[in-house]
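# Results of the structural survey
Okay, here's what each chain looks like letter by letter:
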Amino acid sequence: METRWLEDFLVLADTGSFTRSAELRHLTQPAFSRRIRALESWLGADLIDRTTYPTKLTAAGKLLREQAVPLLAQLNTTRTMLRGLQPLPQGTLEFAVPHTLSFSYFPKWLTEVEAGFGKLSCRLQASNVHDAVLSFVEGGSDLLMCYHHPKQPVELHDARYGGLRLGVERLRPYALSDGGAARYVLPGSADAPLPFLGYASNAYFRLMSDLLLVGGPEPAHLSLRYETDMAEGLKQMALAGHGLAFLPESSVAAECEAGRLAAAGGDAWSVEMEVRLYCDHRRGRAALEDLWDYLAERYPEV
């Protein structure tokens, strides 16, 4: 039996759709179905009631769903121990967080929370937005911190998820500061396009920066010089004077205050995104529910 079969099953139990589950697991539907069949064969029991639509779990499937989440968590803990690492305490909370939020927003937010709630033991899974959401819905973390915008939403409406609005993050263009003013300022000109530091096609901020450029107050004249999927990488390139980049305000606050970076366009070239926190109540952990009760009194619900 492979642990990925259990992960496949949990996704199917959540979505109730073989097609959607296969998409989330980056598999073809026939391949995904074969893995569910392999799990059923290994267990010697049918997990899916195939006589009804939409997909429902059998009694055996419901039992496995209850047991699979803690089982996978225990396997991961055991793997950590076998690698010679000390596992974190029993009440450790797992956060799935996109890279940019993990660098800039999360540390400050955690400090504010601990000032009122008390010290937390946390494990942070930093990845891109897609993988962070996927880890969360597959039961790989207790909490998900992510961006949300109406045109690029992260919607988790299942009853077992709770959602809170933590605040707002603004994405806008920045460039190296020359005497307090940005070296490059939008929109540029056709004769002298601005050197542009962009996001790779799989990055969430690529979608958001494309929205800004398409909906900007006037056409932008840019020459793409560099591309990566991480905002931190673009920030370092901007600090070295290689061009302008769209960056979240929280990630460049210190550099702007120190006069190293400056805004490369007015408010019309910016967009606001919500920072949201989601909780997976199916985890049934006392430490998680205690923290969530505290946070729910301080932040508005999604």
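Located above this text is the structure these notes cover.
Let us look at the structure shown here. In this text the structure is predicted, and so the values were computed from the model without any measurement.

Turning our eyes to something else, we now look at the overall build of the protein. Secondary structure summary: the protein contains 11 helices and 12 strands in total. For the protein, the spread of C-alpha atoms along the three principal axes comes to 70 × 45 × 40 Å. Within the protein, the proportion of its 302 residues that are buried is 46%. Partitioning the contacts of the protein with sequence separation of at least 6, the portion at a separation of at least 24 is 76%. Carbon and sulfur atoms provide 51% of the accessible area of the protein, an area that totals close to 15,000 Å². If you average the places of the 30 positive and of the 37 negative side-chain charges in the protein, the two averages end up 4 Å apart.

Here we take up unusual backbone geometry. With an omega dihedral of 15°, the bond running from Leu186 to Pro187 counts as a cis peptide bond. For Pro187, the location among the structural elements is in the loop between strand S7 (181–182) and strand S8 (194–199).

Helical geometry: 3.6 residues make up each α-helical turn, so side chains three or four residues apart lie on a common side. Compared with an ideal rise of 1.5 Å per residue, which puts 13 residues at 18 Å, helix H6 (residues 105–117) spans 18 Å between its outermost C-alpha atoms and is within 8% of the ideal. Within H6, burial applies to Tyr105, Phe106, Trp109, Leu110, Val113 and Glu114. One side of H6 carries all its buried residues, which in axial view fall inside an arc of 145°. Opposite the buried face of H6, by more than 90 degrees, sit the exposed residues Lys108, Thr111 and Ala115. Following H6 by one or two positions, Gly118 has its phi on the positive side, about 115°.

What follows is about the side chain of Ser135. When you line up the elements, Ser135 lands in helix H7 (residues 129–137). The exposure class assigned to Ser135 is buried, which follows from its relative accessible area of 18%. Here Ser135 is in contact with Gln125, Gly140 and Ser141, once residues within four sequence places are set aside.

For the rest of this paragraph, the subject is the packing of helix H1 (residues 3–15) against helix H3 (residues 29–43). Across the interface, H1 lies against H3 with an axial gap of 9 Å and an inter-helix angle of 110°. Judged on the interaxial angle alone, H3 and H1 are roughly perpendicular. Handedness of the crossing formed by H1 with H3: left-handed. Across the interface between the two elements, Arg4, Trp5, Leu6, Asp8, Phe9 and Leu12 from H1 touch Phe32, Arg35, Ile36, Ala38, Leu39 and Trp42 from H3. A class-by-class count of the residues in the contact of H1 with H3 yields nine nonpolar, no polar and three charged.

If you trace the backbone, Phe246 turns up in strand S10 (residues 244–248). As for Phe246 and Ala263, which are separated by 17 residues in sequence, their C-alpha atoms are 9.5 Å apart.

All of the buried residues in helix H10 (residues 249–257) are Ser251, Val252 and Glu255. Viewed along the axis of H10, the buried residues span an arc of 55°, placing them on a single side of the element. Exposed and oriented more than 90 degrees from the buried face of H10 are Ala254 and Glu257. Phi for Gly259, located one or two positions after H10, is positive at around 80°.

For strand S3 (residues 93–98), the buried fraction is high: six of the six residues fall into the buried class. On S3, burial covers both faces: Leu93, Phe95 and Val97 on one face and Glu94, Ala96 and Pro98 on the other are all buried. Here S3 pairs with strand S4 (residues 122–127) via six bridges, running parallel. Paired with Pro98 across the strands is Ser127, a residue of S4.

Rules used in this analysis
- Residues numbered from 1 in each chain as written.
- Predicted model: local features only at pLDDT ≥ 70, side-chain atom pairs only at ≥ 80, totals over all residues.
- Heavy atoms only, no water.
- Helix = DSSP H or I, 4+ residues; strand = E, 2+ residues; numbered from the N terminus.
- Buried < 20%, exposed > 50% of the residue type's maximum accessible area, 1.4 Å probe, protein only.
- Contact = heavy atoms within 4.5 Å.
- Areas by Shrake-Rupley, 256 points an atom, 1.4 Å probe, with all protein chains shown as cover.
- Lys, Arg positive; Asp, Glu negative; His and termini not counted.
- Charge placed at Lys NZ, Arg CZ, Asp CG, Glu CD.
- Expected span 1.5 Å × (residues − 1).
- Arc of directions from axis to C-beta.
- Axes fitted to C-alpha atoms, helices over the stretch in contact; angles between N-to-C directions.
- Parallel < 35°, antiparallel > 145°, perpendicular 65-115°, else oblique.
- Left-handed = near helix turned anticlockwise from the far one by under 90°.
- Nonpolar A, V, L, I, M, F, W, Y, C, P; charged D, E, K, R; others polar.
- Pairing = 2+ DSSP bridges.

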